[in-house]
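Spelled out from the first residue to the last, the chains are:
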Amino acid sequence: MYTYICQQLLWLFCDRFVLILSSVNYLILEIYCTFREFFDIFLEKHGIALTDEEKSIKIYGKTNPDIMRGIFERSLTDQEIEDFSIEKELIYQQMIVDELHFAEGAEELFAFLKANSVPFTIATSADNFNLDFYFREMKLDHWFDRSKIAYNDGTVNGKPAPDIFLRAAELLRIPIVDIVIFEDSKAGIKAAENAGAGKIYVVDSIGDENLRNFGHDMITHFNQTDRSLFVWFFIL
């Protein structure tokens, strides 16, 4: 049971979870195939060949500095990391700007959470450059408080370290054990586990059956989320 029961006067109530969405570009937006395509363009431009398994280890869920160090496999200056990162993001943004839309069930879930006063936010490996793009093009401020979003500001360790999720929990002022995290990368799932999240949903955005090995509930769209996790239950 993912809630805890406590006594208050003559009523018992089950506490509810709050929600953290991870990886803006995979989970909120149905653009994962484009994500893979644009990264192949970037890799080819720099003469780098990676298998799908290598990509899952070196790219997905990682911060830009970790990605660049991993794929170039050499020492990089801070300026090189910044330049490569901006180059990568510009390719990505140009490819998706006309195709952006929310994943199935995402806005319905957001509306439900807001109607029930359930806090929710984003914890992402994206940097401020990419976050600005999403807020501008997707009008994310309709759903999200920018000040409550945890992102790669250069001060947190990349996944599978739990830092980004712990930062989000701190911003929400909610214990991590009372938080549901949605993830779709191996590094991200491990990070959520390492953070001690109360529940983890694996979003199957790439058809990777190996993600089932983590043993968490798997969904393909947000309408499959168990909304009772986020609602108060009163029992006489």
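Overview of the structure. Not measured: the values here are computed from a predicted model.

All told, the structure shown has 13 salt bridges when counted by the stated rule. Put simply, Lys 186 and Glu 53 hold a salt bridge, and the shortest N to O gap is 3.6 Å. Within this pair, whereas Lys 186 is found in helix α9 (residues 186-195), its partner Glu 53 is found in helix α3 (residues 52-58), the two being separated by 133 residues in sequence. Between Lys 199 and Asp 217 there is a salt bridge, and its shortest N-O distance comes to 2.8 Å. Separated by 18 residues along the polypeptide, Lys 199 in strand β6 (residues 199-203) and Asp 217 in strand β7 (residues 217-219) bring together distant segments of the chain.

One can find Ile 179 in strand β5 (residues 179-183). As for Ile 179 and Ile 200, which are separated by 21 residues in sequence, their C-alpha atoms are 8.6 Å apart.

Going from Lys 159 to Pro 160, the amide bond is cis rather than trans, its omega being 15°. With respect to the secondary-structure elements, Pro 160 resides in the loop between α7 (128-138) and α8 (163-172). A positive phi is found at Lys 139, a non-glycine position, where the angle reads about 55°. Here the phi dihedral of Arg 173 falls at roughly 60°; this positive angle occurs in a residue that is not glycine. By secondary structure assignment, the location of Arg 173 is in the loop between α8 and β5.

Reading guide: rules and limits
Residues numbered from 1 in each chain as written. Predicted model: local features only at pLDDT ≥ 70, side-chain atom pairs only at ≥ 80, totals over all residues. Heavy atoms only, no water. Salt bridge = Lys/Arg side-chain N within 4 Å of Asp/Glu carboxyl O. Helix = DSSP H or I, 4+ residues; strand = E, 2+ residues; numbered from the N terminus.

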